[in-house]
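# Examining the three-dimensional arrangement
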Amino acid sequence: MSRTPDTWILTAHCPSVLGTVDAVTRFLFEQRCYVTEHHSFDDRLSSRFFIRVEFRQPEGFDEAAFRAGVAERLAPFGMQVELTPPGYRAKVVLMVSKADHCLNDLLYRQRIGQLAMDVVAVVSNHPDLEPLARWHDIPYHHFPLDPADKPAQERKVMKVIEDTGAELVVLARYMQVLSPELCRKLDGWAINIHHSLLPGFKGAKPYHQAYQKGVKLVGATAHYINNDLDEGPIIAQGVEAVDHAHYPEDLIAKGRDIECLTLARAVGYHIDRRVFLNANRTVVLNA
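Since the model is a prediction, treat every value here as computed from it, not as a measurement. Within any chain, residue numbers begin from 1 and follow the written order of that chain's sequence. This being a predicted model, a pLDDT of at least 70 is required before a residue's local features are given, and a value of 80 or more before pairs of side-chain atoms are given or counted; all residues contribute to the totals for chains, interfaces and linings. For the side-chain quantities, the full set of heavy atoms in the structure was used; hydrogens and water were omitted.

Residue ranges assigned to the domains are those given by an automatic or database domain assignment. Domain boundaries assigned for the chain yield domain 1 (8-84) and domain 2 (90-284). Here the C-alpha centroids of domain 1 and domain 2 sit 32 Å apart. Defined here as a combined quantity, buried area equals the accessible surface (1.4 Å probe) lost by two parts on assembly, summed across both. Both sides of the domain 1 and domain 2 interface together cover about 830 Å² of buried area, and 56% of this is carbon and sulfur. A pair is scored as a salt bridge if a Lys or Arg side-chain nitrogen falls within 4 Å of a carboxyl oxygen belonging to Asp or Glu. Taken together, the connections running from domain 1 to domain 2 amount to four salt bridges. The closest approach of N and O atoms between Glu 82 and Arg 273, which form a salt bridge, is 3.3 Å. Polar contacts here mean pairs of N or O atoms no more than 3.5 Å apart (in protein, one a potential hydrogen donor and the other a potential acceptor; neighbouring residues in sequence count only if both atoms are side-chain atoms). Between the two partners, domain 1 and domain 2, sit eight residue pairs in polar contact (both at pLDDT 80 or more). Under the grouping applied here, Gly and all other residues not named as nonpolar or charged are polar, the nonpolar ones being Ala, Val, Leu, Ile, Met, Phe, Trp, Tyr, Cys and Pro and the charged ones Asp, Glu, Lys and Arg. When the residues that make up the side of domain 1 that touches domain 2 are grouped by side-chain class, the tally is five nonpolar, five polar and six charged.

Strands here mean DSSP runs of E at least two residues long; helices mean DSSP runs of H or I at least four residues long; both are numbered from the N terminus. Within the secondary structure, Phe 27 is located in helix α1 (residues 20-30). Between the C-alpha atom of Phe 27 and that of Arg 109, which follows or precedes it by 82 residues, the distance is 35 Å. Pairs of residues are marked as contacts when any of their non-hydrogen atoms sit within 4.5 Å. The residues touching Phe 27, leaving out its near neighbours within four places in the chain, are Asp 22, Phe 66, Gly 69, Val 70 and Arg 73.

Below, the discussion takes up the pattern of salt bridges. Applying the stated criterion across every chain yields a total of 18 salt bridges. Across the salt bridge formed by Arg 109 and Asp 105, the nearest N and O atoms sit 2.6 Å from each other. Placement of the pair is Arg 109 and Asp 105 together in helix α3 (residues 101-111), with a separation of four residues, close to one helical turn. You'll find Arg 109 and Asp 105 in the same group, each marked buried. Three or more residues are tied together by salt bridges with common partners; here these are Glu 37, Arg 52, Glu 54 and Arg 274. To sort residues, take the accessible area from a 1.4 Å probe on protein chains only and compare it with the maximum for the residue type: under 20% means buried, over 50% means exposed, and anything in between is partly exposed.

All right, on to the nonpolar core then. Grouped together as the largest cluster of nonpolar side chains are 43 residues, with contacts concentrated most on Leu 94, Leu 106, Val 122, Val 170, Ile 191, Leu 263 and Val 267. The element best represented in this core is helix α8 (residues 248-271), accounting for nine residues. Apart from residues no more than four positions distant in its own chain, Val 170 is found in contact with Val 92, Val 93, Leu 94, Met 95, Leu 106, Ile 191, Leu 263 and Val 267. What is meant by a nonpolar core is a set of buried Ala, Val, Leu, Ile, Met, Phe, Trp, Tyr and Cys residues, joined one to another through side-chain atoms within 4.5 Å.

Let us look at the side chain of Glu 154. Relative to the helices and strands, Glu 154 is located in helix α5 (residues 150-164). For Glu 154, which is buried and forms no salt bridge, the nearest opposite charge comes from Lys 150, at a distance of 4.5 Å. Apart from residues lying up to four places away in sequence, Glu 154 is in contact with Val 177, Leu 178, Ser 179 and Leu 182. The positive count covers Lys and Arg only, the negative count covers Asp and Glu only, and His and the chain ends enter neither.

This next bit is on the packing of aromatic side chains. Here is the rule: rings of Phe, Tyr and Trp (six-membered ring for Trp) pair when centre to centre is within 6.5 Å. Planes less than 30 degrees apart are stacked, more than 60 are edge-to-face, and the remainder are tilted. On inspection of all chains with the given rule, the structure shows seven aromatic pairs. What links up through ring pairs into an aromatic cluster is the set Trp 8, Phe 27, Phe 55, Phe 61 and Phe 66. Cation placement over rings: the criterion is NZ of Lys or CZ of Arg within 6 Å of the ring centroid and within 35° of the ring normal. Above the ring of Phe 29, the side-chain terminus of Arg 32 is found at 5.6 Å from the ring centroid.

With antiparallel pairing, four strands are arranged side by side in an open sheet as β2-β3-β1-β4. Two strands bound the open sheet, and with one partner strand each, they are β2 (34-43) and β4 (80-84). Looking at each pair of strands side by side, their axes are set apart by 10° on average, direction ignored. For two strands to be treated as a pair, DSSP must find no fewer than two bridges joining them. One ladder, built from five bridges, connects strand β1 (residues 8-15) with β4; its direction is antiparallel. Across the sheet, residue Ile 9 finds its bridge partner in β4, namely Thr 84. To obtain an axis, a line is fitted to C-alpha atoms, over the contacting stretch when the element is a helix, and the angle between two such axes runs from 0 to 180 degrees between their N-to-C directions. Along the sheet, α1 makes contact with β1, β2 and β3 (48-56), crossing β3 at roughly 15°. Contacting β1, β3 and β4, helix α2 (residues 63-74) runs over the sheet at an angle of about 160° to β4.

Let us look at the UniProt feature "active site" (unreviewed entry) in the chain. UniProt positions are given in the numbering used here, feature names are shortened, and annotations may be inferred rather than shown by experiment. Under the present numbering, the feature "active site" (unreviewed entry) in UniProt falls on Asp 230. With respect to the element layout, Asp 230 can be found in the loop between β10 (217-224) and β11 (234-241).

Phi at Asp 137 takes a positive value of approximately 60°, unusual for a residue other than glycine. Secondary-structure assignment places Asp 137 in the loop between α4 (130-135) and β7 (140-142). Although it is not a glycine, Ala 279 adopts a positive phi angle of roughly 60°. Relative to the helices and strands, Ala 279 resides in the loop between β12 (275-278) and β13 (281-284). Judged by its relative accessible area of 74%, Ala 279 is exposed.

This part takes up the environment of Ile 9. With respect to the element layout, Ile 9 can be found in strand β1. In this structure, the C-alpha to C-alpha distance between Ile 9 and His 38, residues 29 residues apart in sequence, is 9.8 Å.

In C-alpha cells:
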C-alpha cells in the first residue's frame, strides 16, 4: 500500500498504556483532520505500542500550532512522535558494487514516482555502474577499497552520506562487509539485501550450492544493518518455489528478481514511515 501525495503521516510509539489510540485519533478529530489510513499494534511481549496515521489537513491548517498541540497532548503517554508533511521525499544514498539489478530497479521506481525518494548519490567500490548513475543524472562516487586501509575508504563513504543530508542508505548489492564503526553510525537507517539461502549457503556461488542440495525455495531478505553480519532487524522477505528443473542459472535469475522486489518493498516501507524498530525486530504497519 503506497501513500497518497496529499496526506500527512503521524507515527508514534510508547509503552503500552490505556487510551493511546483514543489520544491520537481524538486529537486529530478535534483539529478537523480527516483520517485516510490508520494502523496500530500493541506488542504484548515487549509492552510497546505503535501507531501510524495518514490524514488530510483542514483549511487554515497551522502546522506549528498542530505540532505543538500534538506534542502536548501525547506527552503524558511518553509517545515519541514524528510528523511527515505531504509531498515529502526522502534523500537516499545507494551503495553498489558490480551487480546492477537492484540499482537499476530502484532508480526506475524513483523515476516513475513509485518511490517517494531522491537518490542524492551512488557510492561504489568499483567504477562499473557509473554510466547507469550518470544516465539518471545522479553523482557517482568511486571509492576503491584498499584492504590495508578500509577505514579510509569508509570515511569517504560517510562524508558523502553526511554532505548530501541523506536519511537512508541502501546497500543495493554492495558486496563488502561494513566495519563495526560504520554499522554503528548507520544503525536503524541503512537497509541491506541478500539472498535468503543464508545461513545455509555462505560464500561463493550460493545458488550453485543450493542446486546441489536440491532446494525447493529461493528468496531474498531486506533488513536494517547492524554489527551482526546479515542478522539485522528484518523489514521484508520474498520467496518463490523452485524444483528439479531449475538449474543454477535459473535460480540466479529468479533470485535477482526477488531481490529487486523485496528491496523495493523494504525501501518503500521505510520512506513511507511504516517501519518501527522494536529491539532486534521490526513492526511494519502496512495492513
